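Chain residues, written in single-letter form:
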Amino acid sequence: MSEYKTLFECVRPAFICNLHAERAEDQCILKLTLQSDSQHIVLFGFEGLTDSVSDLLSAERIVISEELNTCREFGTIRIECWVDEVYSEYWCDRANTE
């Protein structure tokens, strides 16, 4: 069973107050910056990260965590969203908590 380290977590009413998406055209990498009232995280990934944007904006709860002790270099950041009591899970490649 995998172990995870929580990097970012928010629950309504302290939800995402700022979301900025930017795509590096030369590499097709998406950079997604999320900010809640007290936390800030930058996510990097490809199409799976794009799919998460709608859920991130409407989620009642968000947990972003890093998978530990894995041999994989990519897809180690798990994004969990709960929207209207429905759970969704997305993956991206890298996260920075600045």
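The structure presented is a predicted model; accordingly, all values stated were derived computationally and were not measured.

Things to note about the overall build of the chain
Here's step 1: Broken down by element type, the chain carries 2 helices and 8 strands.
Here's step 2: Reading the chain from its N terminus to its C terminus gives the helix and strand order β-β-β-β-α-α-β-β-β-β.
Here's step 3: Expected size for 98 residues packed as a compact globule is a radius of gyration near 13 Å; at 13 Å, the chain falls within 12% of this value.
Here's step 4: Its C-alpha atoms give the chain principal-axis dimensions of about 35 × 35 × 25 Å.
Here's step 5: Among the 98 residues that make up the chain, the fraction classed as buried is 36%.
Here's step 6: In the chain, the share of contacts with a sequence separation of at least 24, taken over all contacts with a separation of at least 6, comes to 47%.
Here's step 7: By element, 49% of the accessible surface of the chain is carried by carbon and sulfur atoms, the whole surface being about 6000 Å².
Here's step 8: Across the chain, 8 positive and 19 negative side-chain charges occur, with their mean positions spaced 3 Å apart.

Brief notes about the packing of aromatic side chains
Here's step 1: All told, the structure shown has 2 aromatic pairs when counted by the stated rule.
Here's step 2: An angle of 50° between the planes, with centres 6.4 Å apart, marks the rings of Tyr4 and Trp91 as tilted. Residue Tyr4 is found in strand S1 (residues 3-11), and its partner Trp91 is found in strand S7 (residues 86-92); the two are separated by 87 residues along the sequence.
Here's step 3: The exposure class of Trp91 is partly exposed, given its relative accessible area of 30%.
Here's step 4: Its end group placed over the ring of Tyr4, Arg78 keeps NZ or CZ at 3.7 Å from the ring centre.

Thresholds applied
- Throughout, residues of each chain are indexed from 1 in the direction in which the sequence is written.
- The predicted origin of the model limits local features to residues at a pLDDT of at least 70 and limits the giving and counting of side-chain atom pairs to 80 or more, whereas totals for whole chains, interfaces and linings rest on all residues.
- Water and hydrogen atoms were dropped before computing side-chain values, which therefore reflect all heavy atoms in the structure.
- The secondary structure listing takes helices from DSSP runs of H or I that are at least 4 residues long and strands from runs of E that are at least 2 residues long, numbered from the N terminus.
- Our radius of gyration is a C-alpha quantity, and the globule rule it is checked against amounts to 2.2 Å times the number of residues to the power 0.38.
- Summary of the burial criterion: residues with accessible area below 20% of their type's maximum are buried, those above 50% are exposed, and those between are partly exposed, where the area comes from a 1.4 Å probe applied to protein chains only.
- Residue contacts are defined here by distance: any two heavy atoms, one from each residue, within 4.5 Å place the two residues in contact.
- Using a 1.4 Å probe, the Shrake-Rupley method yields the accessible areas, and only the shown protein chains count as cover for residues.
- In this count, Lys and Arg are taken as positive residues and Asp and Glu as negative ones, while His and the chain termini are left out.
- Lysine's charge is taken at NZ, arginine's at CZ, aspartate's at CG and glutamate's at CD.
- Stacked, edge-to-face and tilted are the three classes for Phe, Tyr and Trp ring pairs, Trp counted by its six-membered ring, which pair at centre distances within 6.5 Å; planes under 30 degrees apart are stacked, over 60 edge-to-face, the rest tilted.
- Working rule: Lys NZ or Arg CZ, within 6 Å of ring centre, within 35 degrees of ring normal, means a charge sits over the ring.

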